[in-house]
Amino acid sequence: MKITAVVGSPRGMRSRTRKLVNLVLAGAKESGADIDIIDLGDLQVTPPCTACESCSLDGTCVFADDLPPAAYDRMRDADGLVFASPVYVDNVSGR
């Protein structure tokens, strides 16, 4: 089994969100899972989605950034996903 975590904190290794994800993944690893972390703070991500529908029509995004090659295949290959984000002003982070 493979568990992939996607972390949306901009603070990297020193974030509380990352520390909590590490605890979750440590438990998964103890249970025999392969683990993977995608830290969005380390990737160059183009501004937010513009709802152009390109991805729905032909499966590709109009923005060229690090997200597709770095994350999509890794998320597709996972048996389980953990999404982690700090809460800023009553909502998840922009990343």
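A brief look at the structure comes next. (Residues numbered from 1 in each chain as written. Predicted model: local features only at pLDDT ≥ 70, side-chain atom pairs only at ≥ 80, totals over all residues. Heavy atoms only, no water.)

1. Examining the overall build of the protein chain
Okay, so step 1: Regarding its fold elements, the protein chain presents three helices and five strands.
Okay, so step 2: Starting at the N terminus, the α and β elements of the protein chain follow one another as β-α-β-α-α-β-β-β.
Okay, so step 3: A buried classification covers 34% of the 95 residues belonging to the protein chain.
Okay, so step 4: Partitioning the intrachain contacts of the protein chain with sequence separation of at least 6 by distance along the chain shows that 65% fall at a separation of at least 24.
Okay, so step 5: Total accessible area computed for the protein chain in this model is approximately 6,500 Å², and 54% of it derives from carbon and sulfur atoms. (Helix = DSSP H or I, 4+ residues; strand = E, 2+ residues; numbered from the N terminus. Buried < 20%, exposed > 50% of the residue type's maximum accessible area, 1.4 Å probe, protein only. Contact = heavy atoms within 4.5 Å. Areas by Shrake-Rupley, 256 points an atom, 1.4 Å probe, with all protein chains shown as cover.)

2. Focus: the sheet that holds strand 1 (residues 2-7)
Okay, so step 1: Here we have three strands laid out as an open sheet, ordered 2-1-3, and parallel in their pairing. Two strands in the sheet have a free side with no partner beyond their single neighbour: strand 2 (34-39) and strand 3 (80-84). Strand-to-strand twist across the sheet, computed as the mean angle between neighbouring axes with direction ignored, equals 15°.
Okay, so step 2: Relative to strand 3, strand 1 runs parallel, the two sharing five bridges. Looking across to strand 3, one finds that Val6 is bridged to Phe83. (Pairing = 2+ DSSP bridges. Axes fitted to C-alpha atoms, helices over the stretch in contact; angles between N-to-C directions.)

3. Concerning the pairing of strand 2
Okay, so step 1: Two elements, strand 1 and strand 2, share six bridges in a ladder whose sense is parallel. Across the sheet, Val7 pairs through a bridge with Asp39, a residue of strand 2.

4. Structural notes on the nonpolar core
Okay, so step 1: The biggest cluster of nonpolar side chains holds eight residues, and these are Ile3, Ala5, Val7, Val21, Leu25, Ala28, Ala33 and Ala84.
Okay, so step 2: Among the secondary structure elements, those contributing two or more residues to this core are strand 1 and helix 1 (16-30).
Okay, so step 3: Apart from residues no more than four positions distant in its own chain, Leu25 is found in contact with Ile3, Ala5, Ile35, Asp36 and Ile37.
Okay, so step 4: Judged by nonpolar contacts, the second largest core, of seven residues, contains Ile38, Leu40, Leu67 and Met75. (Core = buried A, V, L, I, M, F, W, Y, C linked by side-chain atoms within 4.5 Å.)

5. A closer look at the pattern of salt bridges
Okay, so step 1: Under the definition given, this model contains three salt bridges.
Okay, so step 2: Among the salt bridges present, the one from Asp39 reaches Arg18, with a minimum N-O distance of 2.7 Å. Here the residue Asp39 occupies a position in strand 2, and Arg18 occupies one in helix 1, the gap between them amounting to 21 residues.
Okay, so step 3: The exposure class of Asp39 is buried, given its relative accessible area of 7%.
Okay, so step 4: Take Arg18: its relative accessible area is 11%, and that puts it in the buried class.
Okay, so step 5: Across the pair Asp73 and Arg76 runs a salt bridge whose closest N-O atoms are separated by 2.9 Å. Of this pair, Asp73 and Arg76 both sit in helix 3 (residues 67-77), three residues apart, which is roughly one turn of the helix.
Okay, so step 6: Taking the relative accessible area as the measure of exposure, Asp73 reaches 42% and is therefore partly exposed.
Okay, so step 7: Classification of Arg76 by relative accessible area gives exposed; the value is 62%. (Salt bridge = Lys/Arg side-chain N within 4 Å of Asp/Glu carboxyl O.)

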